[in-house]
Amino acid sequence: LKRRLSVHGLKPTPRTHAALAMALTTAGKPRLALSRLRAEMAQGAHIHTEEEDQRAWTAAYTALIRSWPSLSESWECLEEMQKNNIKRTAYTYAELLVACRLRISRDAAAREFQVTRAWNAMRKDNIKPSVICYNAAISGYLAGDDFIPTPNAVSLALRLVMELGQERKDRIPVSTLN
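Structure report, in brief.

## Focus on the overall build of the chain
Here comes step 1: Each helix and strand in the chain was counted, giving 10 helices and zero strands.
Here comes step 2: Written out in order from the N terminus, the α and β elements of the chain read α-α-α-α-α-α-α-α-α-α.
Here comes step 3: Buried residues in the chain amount to 44% of all 178 residues.
Here comes step 4: Partitioning the intrachain contacts of the chain with sequence separation of at least 6 by distance along the chain shows that 61% fall at a separation of at least 24.
Here comes step 5: Split by element, the accessible area of the chain, about 10,200 Å² in all, is 54% carbon and sulfur.
Here comes step 6: Within the chain, the 18 negative side-chain charges are centred at a point lying 5 Å from the centre of the 26 positive side-chain charges.

Shown next, in the form of structure tokens:
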């Protein structure tokens, strides 16, 4: 990528690297994407402003979170974002909540623990959950083929539905009810 851009007198930016990371994760190569991101961050790639850089790095790391084959790697990716002061967003945590559901298919107690852990991490990060976060957490507590949630997970999911209803003045989105 660098060689092709340099032929035309261009330098890759964090936005370029974010797009590459997203493409590599889509191709099932999150490790390669992460190693490229680390290398480019170490070299100090910049766009124009710190805010634009931050958005690009956030997008790249967020794309990685759901793509890891194990949930522990998703958590490591989130921790790396924190360590490098890369902004986490509601979308970042929505991806982590989806990863909890996708990576833990049958162990209801383990999934409940991980969904709760992700929700608490988002709150600790002072991120206001979006409807997508609520839906991902509720789905994480309840959904799956041949999945039977714990009674506590059902209670936690209902609490989230009620919380969302309060935040939205009793207008719970249809997507949540599905």
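## Quick notes on the environment of Pro149
Here comes step 1: Residue position: Pro149 is located in the loop between helix H8 (131-142) and helix H9 (151-167).
Here comes step 2: Residue Pro149 is classed as partly exposed on the basis of its relative accessible area, which comes to 22%.
Here comes step 3: In this structure the C-alpha to C-alpha distance between Pro149 and Leu78, which are 71 residues apart in sequence, comes to 26 Å.
Here comes step 4: Residues within four places of Pro149 in sequence aside, it is in contact with Ala108, Tyr141, Leu142 and Val154.

## Examining the side chain of Glu112
Here comes step 1: Along the chain, Glu112 turns up in helix H7 (residues 108-124).
Here comes step 2: Put simply, Glu112 is tucked away with no salt bridge, and the nearest opposite charge, on Arg159, sits 9.5 Å away.
Here comes step 3: Glu112 has contacts with Tyr141, Thr150, Asn152, Ala153 and Leu156, leaving out every residue within four places of it along the chain.

## Structural notes on the nonpolar core
Here comes step 1: Ranked by size, the top nonpolar core spans 46 residues in total, and within it Leu96, Leu97 and Trp119 carry the most contacts.
Here comes step 2: The set of elements that each furnish at least two residues to this core consists of helix H2 (14-26), helix H3 (30-43), helix H4 (50-67), helix H5 (71-83), helix H6 (90-103), H7, H8 and H9.
Here comes step 3: The leading source of residues in this core is H6, at eight residues.
Here comes step 4: With near-sequence residues (within four places) excluded, Leu96 lies in contact with Ile65, Leu71, Ser74, Trp75, Leu78 and Ala118.

## Comments concerning the state of the cysteines
Here comes step 1: With the rule as written, the count across this model stands at zero disulfides.
Here comes step 2: The thiol sulfur of Cys100 is not disulfide-bonded, and the nearest other cysteine sulfur, from Cys133, lies at 12 Å.

## Here's the deal with the packing of H5 against H6
Here comes step 1: Running from amino to carboxyl end, H5 crosses H6 at an angle of 165°, the nearest separation of the two axes being 9 Å. Here H5 is positioned roughly antiparallel relative to H6, judged by the angle of their axes. Remark: the crossing between H5 and H6 carries left-handed chirality. Along its contact with H5, which presents Leu71, Ser74, Trp75, Leu78, Met81 and Gln82, the element H6 presents Thr92, Tyr93, Leu96, Ala99, Cys100 and Arg103.
Here comes step 2: Taken together, the residues of the contact of H5 with H6 break down into eight nonpolar, three polar and one charged.

Parameters and conventions
Residues numbered from 1 in each chain as written. Predicted model: local features only at pLDDT ≥ 70, side-chain atom pairs only at ≥ 80, totals over all residues. Heavy atoms only, no water. Helix = DSSP H or I, 4+ residues; strand = E, 2+ residues; numbered from the N terminus. Buried < 20%, exposed > 50% of the residue type's maximum accessible area, 1.4 Å probe, protein only. Contact = heavy atoms within 4.5 Å. Areas by Shrake-Rupley, 256 points an atom, 1.4 Å probe, with all protein chains shown as cover. Lys, Arg positive; Asp, Glu negative; His and termini not counted. Charge placed at Lys NZ, Arg CZ, Asp CG, Glu CD. Salt bridge = Lys/Arg side-chain N within 4 Å of Asp/Glu carboxyl O. Core = buried A, V, L, I, M, F, W, Y, C linked by side-chain atoms within 4.5 Å. Disulfide = S-S within 2.5 Å. Axes fitted to C-alpha atoms, helices over the stretch in contact; angles between N-to-C directions. Parallel < 35°, antiparallel > 145°, perpendicular 65-115°, else oblique. Left-handed = near helix turned anticlockwise from the far one by under 90°. Nonpolar A, V, L, I, M, F, W, Y, C, P; charged D, E, K, R; others polar.

Purely spatial values, then, with no claim about function.
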